[in-house]
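Residue-level structural notes
Chain by chain, the residues run as shown.
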Amino acid sequence: RRRYISSIAVSSFSLKMSEDLLGVIQLQSIGPYSVAWVQGKVEKAESEEKGEAEHLLVPVEKKFRSQHASAFVGDFSLGDLRQDLVKGGIKTELIQGVLVCDDLISIQRVGNHNEIVIQGPLSPKYYRVRDILYGQYSVCSS
């Protein structure tokens, strides 16, 4: 019997958010958590209590801030989505891991990261299906 032990050495340190940064970020509630996109830079600052250096996360200048896409937080099963679509009056069929909606729109998980792909002709029905799909997630945006 063989026994393998592996470990990864990780360097880490604690950061404090500056008051300026806290004034810039926009917290959003997702379940019991408050989350936000944060773009900052790390500076060393003198600790008031201990008299030693601490790491402070401060906002980056506006000209260096980048845009980002919304983050979809959470997970669901195609079966749960199917139930919500049916409740919304959309006919669904699950065919070999692809959820087909009203014979026009398909939803499936693809790739190593189980990304969700929705395909179909752009129409009011497509946007209705997409809205129900998005309802499965909590969305964090800027």
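Here, the structure is the one placed above.
Reference entry: report on the structure contained in this document. Owing to the predicted nature of the structure, the values given are computational and were not obtained by experimental measurement.

About the thresholds
- Residues numbered from 1 in each chain as written.
- Predicted model: local features only at pLDDT ≥ 70, side-chain atom pairs only at ≥ 80, totals over all residues.
- Heavy atoms only, no water.
- Buried < 20%, exposed > 50% of the residue type's maximum accessible area, 1.4 Å probe, protein only.
- Helix = DSSP H or I, 4+ residues; strand = E, 2+ residues; numbered from the N terminus.
- Arc of directions from axis to C-beta.
- Contact = heavy atoms within 4.5 Å.
- Core = buried A, V, L, I, M, F, W, Y, C linked by side-chain atoms within 4.5 Å.

Buried residues of helix α2 (residues 78-87): L78, L81 and L85, and no others. Down the axis of α2, the smallest arc covering the buried residues is 60°, so these residues share one side. Along its buried surface, α2 packs onto β7 (92-95), β8 (98-101), β9 (105-110) and α3 (124-134). Once α2 ends, the next one or two residues include G89, with phi positive near 85°.

Our next topic: α3. Looking at α3, one finds that the buried residues are Y126, V129, I132 and L133. Seen from one end, α3 has its buried residues packed into an arc of 130°, which puts them on one side. Residues of α3 that are buried sit in contact with α2, β8, β9 and β10 (115-119).

Here we take up the nonpolar core. Counting residues in each nonpolar core, the largest one holds 15 residues, and the members touching the most others are L81, L85, C101, I107, I118 and V129. For this core, the elements supplying multiple residues, two or more each, are α2, β8, β9 and α3. Per-element tally for this core: the top contributor is α3, with four residues.

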